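Remarks on the overall topology
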Amino acid sequence: MRQLRRNHLDLSVIVISGNADKQVVRTATELGVTEVLHKPVQPHDLVDVVQRALG
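Residues numbered from 1 in each chain as written. Predicted model: local features only at pLDDT ≥ 70, side-chain atom pairs only at ≥ 80, totals over all residues. Heavy atoms only, no water.

**Quick word on the overall build of the protein chain**
When its secondary structure is counted, the protein chain shows three helices and two strands. Element order for the protein chain, N to C, with α for helix and β for strand: α-β-α-β-α. Within the protein chain, counting contacts between residues at least 6 apart in sequence, those at least 24 apart form 31% of the total. With an accessible surface of roughly 4,300 Å², the protein chain has 53% of that area assigned to carbon and sulfur atoms. Side chains of the protein chain give 7 positive and 6 negative charges; the mean places of these two sets differ by 7 Å. (Helix = DSSP H or I, 4+ residues; strand = E, 2+ residues; numbered from the N terminus. Contact = heavy atoms within 4.5 Å. Areas by Shrake-Rupley, 256 points an atom, 1.4 Å probe, with all protein chains shown as cover. Lys, Arg positive; Asp, Glu negative; His and termini not counted. Charge placed at Lys NZ, Arg CZ, Asp CG, Glu CD.)

**Examining the side chain of serine 17**
Relative to the helices and strands, serine 17 is located in strand β1 (residues 14-17). A polar contact is formed between the side chain of serine 17 and the backbone nitrogen of asparagine 19, at a distance of 2.8 Å. Sequence-distant contacts of serine 17, that is, excluding residues within four places in its chain, are made with Leu37, His38 and Lys39. (Polar contact = N/O pair within 3.5 Å; in protein donor to acceptor, adjacent residues only side chain to side chain.)

What follows is the structure in structure tokens.
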């Protein structure tokens, strides 16, 4: 994630994780992840997040 941010500052990153640990979400957010979704992801939730990321 750090390398992605260095090379692509405007890149939106959506993480889909099977780990609901709050520390994972906090770290991902601090690293600039746009959104963290937890499995299982509902299709409409994914579509909403992607649409927001695309602006």
